[in-house]
Every structure is written in C-alpha cells, then in structure tokens.
Amino acid sequence: MGKKELDTRFARFGTVSFAGVTQVNDFVDYLEDGRLMGTKCNHCGLYFFPPRAHCCQCLSGSPEWFEVTGEGRLVTYSTLHYAPAGFQADLPYTIGLVDYGQYKVFGRLSPSLGEDALHVGMAMKAKADKTAAGQVTYVFEAA
Amino acid sequence: MGKVGIIGVGQTSFVRQYPGSIRELVFDGFKEAMADAGISSGEIDATVICSAPEYDKQRSPAGVLSEYLGLNPQPTFYVETLCSSSSTGLKLAYSLVASGLHDVVLVSGFQIMSQLTSEESQERMARGADIQWESPFGTMMPAYYALHAQSHMASYGTSPEDLALIRVKASTYGQMNEKAVYRKAVTPEMFSDPENKMAQPVSSPLRTGDCCANADGSSCVIVASEEKARALGRKPVWIKGVGAASAPVNMAGRKDLSHLSVGREAARQAYAMAGISASDVDVAEVHDCFTIAEMMAYEDLGFADPGKGRDLIRSGQTYKDGKIPVNVDGGLLSKGHPIGATGGSQIRTIVLQLRGEAGAMQVDNPNIGLVHNIGGVGLYGNVTILGLD
Ligand SMILES: [Zn+2]
C-alpha cells in the first residue's frame, strides 16, 4: 500500500513559505484564482484573517470561506532596507497592516507605491498577485 | 505562603564571538552567581535552563547544561519564551519555591548568536513570529517593531528624534557597564548625519541606532525560600510580584499597534500582587530591544500616560537622577541582547541596584525595582517587582 500523498499546497504561498500542510490550503487555490479569502464561523459569526479551520470563540462552528473585498484603512507600514535570509532579492519592500473593520489583513504593499505616498489611515485594497518566482501572494494598492 | 528571595546573581560580559561552547558560557555566569550567593552546589535543589532554540545545534539543553554545572541528579526544566525566556524561568522558579516543592532553585539563561550571520539570525528571530502567515512576506524583528513605531508616531506625534534620545541615554550608561557589548557614546547628531552608521535605515522609521545588537552571553539568578534565604546569609532581595501575559502572534490579531498589550497586562498583575502602583517604583529595567520598545514600556508600565512617553525622555526623567530611572545599565541597546540571557541580566541589574552595589550606575537609595521583559514582538510579557522588604 502506497503512502498517502500530503496536501502541501501552502508551500506555494509567499516569497519563502515556512509551512506546507494546513487545513486551510484552499486559501492558495482561491488566491491563484484571484480571490483573497478569510474564514467566518458559521455558528457565532466571528471573522478570521488569517483564515482558520477552527473557531476558538464558540468551539462548535465550522469556519466558512469569505472574500476580502472593498476598502480597508492602512493601520501602519514599514519599508525594509535590510532583509532576513531568503528575502534580500526583494529589497527594498514595504509591509503593512490594513483594517477592514471586522478583521485586519497583514501583507506587502505594492512596490509601485513610494513611501512618500503612504500615510496611516489611507484607503487600501487587496489584490491577488504572483511573486517573481511564481509563488502566489497578495499586495495592497491605494484604493 | 512565605516570601521568595533572590540570593545570588551573575552574568557574563555580553560579547560578540564568545570563544567557547554553550556549556562554558553558561558556567561563567553560574560561577559568578554562586560566588555572589556564597553557597555550594549541594544547596541547589533544581535548575531552570532558559534559551531560544535553533541558535545552536544542541537540542534539550537543560540536561546537558545541568550536568556540566555539576547539578545532577537534581531535576532540571527547560523554559522558552523567546527574548523573555529567563524572566519566565524566574517565574517558574518562584512557583517551585512558593509551592514548597523546592527550597533553592537556580535559573540560568543563555544564548550564543554570533555563530550565525546577521541575516540568519533575523530569520531565526522572525520564526518566533507567525511563520505561516507573516514570515512569507519577509518579516523580521526590527520590521515588526517599526510597525509599532510608525503607529505610535501617527497616533501621538512621537518623532524619530525622540527615539534617538532613548539610544543616547542607553549609551550614557553602556559606557559605564563593563559587561556591555557596546560601550561607545552615541549623540543625537549621529542620527541626523546621513553618513553615520546610527542613521542608516533598517526598517522605516527605525535606523541602525534604534536597534540593539545580537550578542553571546549568559545570566544566572538563584532563588530561595524565605527560611533558606535568611539561613544562607546575605540580605536577600524579595520577589514581590510576578505578572505574565500573552497576545496574538499575528499583527492582524492586535487591537492597536501603539502599545504592547502584554506589557500592560503583566504590569497590572505584578502591581496588584505587590500591592504597589507605578509611582512606587524607584528603578526599572525595561525591554529596549528597540528604542520604540522602551517608549512603549514607559506608557504600558504607567510611568507615563499613553502618548506621553516622549515627555519623560525629553525631560531626562528616565536618567539616573530623574523621577523614574530606566535602564541605567545601558539596557539591551548597549548591553546587547543574547535572547535567553536577557531577562536574568535585567534581574541582576535590579538586584544590584536594590543592594546598593551598582557602582557608577547606582540610583539613590532605591527600595522597589521593576523588570519588564518582552518575548517576541509582544507575544509574551513578564513584569517582575523586586523589593528590599
Ligand atoms: Zn464560532
């Protein structure tokens, strides 16, 4: 009997992925299709981003996928001029946190946005994207 | 429940390129604490070994190190909460003694970081954050704290110049501390000179001068029951409050990035347990892995209202002769930050201050001291209150 093949789709996420197997691997396929998704508990209604397979609030629901759409507000950001091992080729790059009200999303900001164009509180929208090496990811652009 | 006291403290110098293994490094700090306590190994009932994993190849270091220290067959425990590992170790030691299980417990924290390149070290550190959802974007510790700095600046108008003042203060005392890795003076002018190393951007708005250095080092703290502490001789420093908290690892789980919720919560617990308030603290060690971390600590600990931390540093109130002296040993910014050793080193500083043995760094007659030690990017927080009675 052959060994059951592991679902390692998550290894395709981001410049360097540090995780492969997770129960929210569909995240990667949705992103490939151009949709950034979180999960929402079908019992208590709590939103999760990043998506989770379990609800820690009611312990009884099963989270279902929802799409991150519309505008959020930039909570904070930073442009890196120095990078950890594995990311030097991306320098400089900007990371940030965007608040959608019911949940927040952490990620990279589009390299086309210069740091001078950024300010806390500005409207942002997320867009599915690919890295130079073809990994799936998402970036924030000015809304 | 009787009191729990600290009867001995020690630490190695924090250095780049310690010429030895983790065994030898840990022994150096241990030996100093044992001499300070004036006890022999037979008095130690248990050890707590603290570090962050994956900086050296040794797995499960507690067994290896307790043997090297000559502390077999006593039980040994390994504790890890990233940068706050050894203050978490102290809380465990406190619990072991307060429960009556053991009379004397030794807490040793260590880290050898300089066998890795700086980029490898940043990668290891960042894996103490959310590896599944954040690390793929290329995060690192300075960048996470930079996000907090940007938020603090946007919320309150704190400036990069305010943050530079914290580094300048650290260097004032780092120059006096023979155990510190960085012993040179730092001036505000260095931050405004674009050619100067201090002013080089790392992760905006943080610059090289806003960041502490990696280092190799070990620390050691010996804890004893009240009865044992009094019997063993020298005047103990008592553990009056131990607060500890946790917070969401992903930035998306945080309510607000202008403070660290773990600092506030651990302080609340520790003040309540000790029956004191922020204004009762005479000297403090806070976790200044980055200048912004010290700024947030002023506010999270209640030394200043939210957003008013800058007034404390601008008016020099956190210097040795100020209202609330903070990090008058140079802090992590000057001492260096060998992750697992840091909390124990902070505790050592406060113990020496309370005993009046801090030399050139001595604060005038302190009675109550506080140690604030953060693990990861506010993932863990410990606040420990020490006092003379
Ligand atoms: Zn639920």
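Residues numbered from 1 in each chain as written. Chains lettered and ligands numbered in written order. Predicted model: local features only at pLDDT ≥ 70, side-chain atom pairs only at ≥ 80, totals over all residues. Heavy atoms only, no water.

Considering the coordination of the zinc ion
Residue and element names in this part refer to chain A. This is how it is decided: Sodium, potassium and calcium take a 3.2 Å donor cutoff, other metals 2.8 Å, and in both cases only N, O and S atoms count; water is not among them, so sites may look incomplete. Here a site with four donors is tetrahedral if all angles are between 85 and 135 degrees, and a site with four or six donors is square planar or octahedral if opposite donors are over 155 degrees apart and the other angles are between 65 and 115; anything else gets the irregular label. The helix count covers DSSP runs of H or I at least four residues long, the strand count covers runs of E at least two residues long, and both are numbered beginning at the N terminus.
Protein-derived ligands of the zinc ion are Cys41 (SG), Cys44 (SG), Cys55 (SG) and Cys58 (SG), with the metal-ligand distances lying across 2.3 Å. Taken together, the 4 donor atoms coordinating the zinc ion and their angles of 104 to 118 degrees define a geometry best described as tetrahedral. Here the donor residues of the zinc ion share one chain and are spaced in sequence as C-x2-C-x10-C-x2-C. Within this pair, whereas Cys41 is found in strand S1 (residues 37-41), its partner Cys55 is found in the loop between strand S2 (47-48) and strand S3 (63-67), the two being separated by 14 residues in sequence.

Structural notes on helix H4 (residues 118-126) of chain B
Rules: Whether a residue is buried, partly exposed or exposed follows from its accessible area with a 1.4 Å probe, protein chains only, as a fraction of its type maximum: under 20%, in between, or over 50%, in that order. The contact rule is simple, with two residues in contact once any of their heavy atoms fall within 4.5 Å.
If you check which residues of H4 of chain B are buried, you get Ser121, Gln122, Glu123, Met125 and Ala126 of chain B. Elements in contact with the buried residues of H4 of chain B: helix H5 (141-156) and helix H13 (339-355) of chain B.

A word on the pattern of salt bridges
Rules: Each salt bridge in this description consists of a side-chain nitrogen of Lys or Arg and a carboxyl oxygen of Asp or Glu lying within 4 Å of one another.
Across all of its chains, the model carries 24 salt bridges over all chains by this definition. Among the salt bridges present, the one from Arg230 of chain B reaches Glu226 of chain B, with a minimum N-O distance of 2.8 Å. Here the residue Arg230 of chain B and the residue Glu226 of chain B both occupy positions in helix H8 (residues 226-231), the gap between them amounting to 4 residues, near one helical turn. Residue Glu226 of chain B is classed as partly exposed on the basis of its relative accessible area of 24%. Salt bridges here are not isolated pairs; linked through shared partners, they connect Asp7, Arg9, Asp26 and Asp29 of chain A.

Topic: the sheet that holds strand S7 (residues 217-225) of chain B
Residues and elements named next belong to chain B. The cut-off we apply is this: Paired strands are those between which DSSP finds at least two bridges. Fitted lines through C-alpha atoms give the axes, limited to the stretch in contact for helices. The angle between two N-to-C directions lies from 0 to 180 degrees.
The strand order S3-S2-S4-S7-S1-S8-S11-S10-S9 describes an open sheet built from 9 strands, whose pairing is mixed. The open sheet has two edge strands with one neighbour each: strand S3 (76-79) and strand S9 (283-285). On average, adjacent strands in this sheet sit at an angle of 25 degrees to one another, irrespective of strand direction. The sheet contact formed by S9 and strand S10 (residues 368-375) spans 3 bridges and is parallel. From the neighbouring strand, Ala284 faces S10, where its bridge partner is Leu370.

Here's the deal with unusual backbone geometry
Residue and element names in this part refer to chain B. With an omega of 5 degrees, the peptide bond running from Asn72 to Pro73 counts as cis. Position of Pro73 among the secondary structure elements: in the loop between helix H2 (61-68) and S3. A cis amide bond links Ser204 with the next residue in sequence, Pro205, at an omega value of 5 degrees. If you trace the backbone, Pro205 turns up in the loop between strand S5 (201-203) and strand S6 (206-207). Even without glycine at this site, Gln17 takes up a positive phi of about 60 degrees. Looking at where Gln17 falls in the secondary structure, it is placed in the loop between strand S1 (4-11) and helix H1 (22-37). Unusually for a residue other than glycine, Asn365 sits at a positive phi of about 55 degrees. Within the element layout of this structure, Asn365 appears in the loop between H13 and S10. Take Asn365: its relative accessible area is 70%, and that puts it in the exposed class.

Some words on the environment of Arg207 of chain B
Residue and element names in this part refer to chain B. The line we're drawing: Contacts described as polar in this section are N or O atom pairs within 3.5 Å, which, within protein, must combine one atom able to donate a hydrogen with one able to accept it, while residues neighboring in sequence count only if both atoms come from side chains.
With respect to the helices and strands, Arg207 occurs in strand S6. Take Arg207: its relative accessible area is 11%, and that puts it in the buried class. The sequence separation of Arg207 and Glu294 amounts to 87 residues, and the corresponding C-alpha distance is 15 Å. Residues within four places of Arg207 in sequence aside, it is in contact with Pro160, Leu163, Ala164, Phe191, Met198, Ala199, Gln200, Pro201 and Val202. Only 2.9 Å separates the side chain of Arg207 from the backbone oxygen of Pro160, close enough to count as a polar contact.

Considering the interface of chain A and chain B
Quick note on the threshold: Buried surface area refers to the total accessible area, computed with a probe of radius 1.4 Å, that the two partners give up upon joining, counted for both partners together. The residue classification treats Ala, Val, Leu, Ile, Met, Phe, Trp, Tyr, Cys and Pro as nonpolar and Asp, Glu, Lys and Arg as charged. All others, Gly included, are polar.
At the interface, 39 residues of chain A touch 33 residues of chain B. Both faces combined, the contact of chain A with chain B buries some 2900 Å², and carbon together with sulfur accounts for 69% of it. Contact with chain B buries surface across chain A, with Phe18, Tyr82 and Phe106 of chain A losing the most and accounting together for 24% of the total. Taken together, the connections running from chain A to chain B amount to 0 salt bridges. Taken together, the links from chain A to chain B amount to 15 residue pairs in polar contact (both at pLDDT 80 or more). Only strand S4 (72-80), strand S5 (93-99), strand S6 (104-109) and strand S8 (136-142) of chain A provide two or more residues apiece to the side of chain A that touches chain B. In terms of residue class, the side of chain A that touches chain B is built from 24 nonpolar, 12 polar and 3 charged.

As for the domain arrangement of chain A
Residues and elements named next belong to chain A. Note the following rule: Boundaries of every domain are those given by an automatic assignment or by a domain database.
The domain architecture assigned to chain A consists of domain 1 (9-67) and domain 2 (72-142). A straight line from the C-alpha centre of domain 1 to that of domain 2 covers 19 Å. Residue-level contacts link 18 residues of domain 1 with 16 residues of domain 2. Both faces combined, the contact of domain 1 with domain 2 buries some 1400 Å², and carbon together with sulfur accounts for 66% of it. Broken down residue by residue, the surface that domain 1 buries against domain 2 is led by Thr15, Tyr47 and Phe49, which jointly contribute 37%. For the pair domain 1 and domain 2, the number of links is 1 salt bridge. Salt-bridge contacts for Lys130 lead to Glu32; the nearest nitrogen and oxygen are separated by 3.1 Å.

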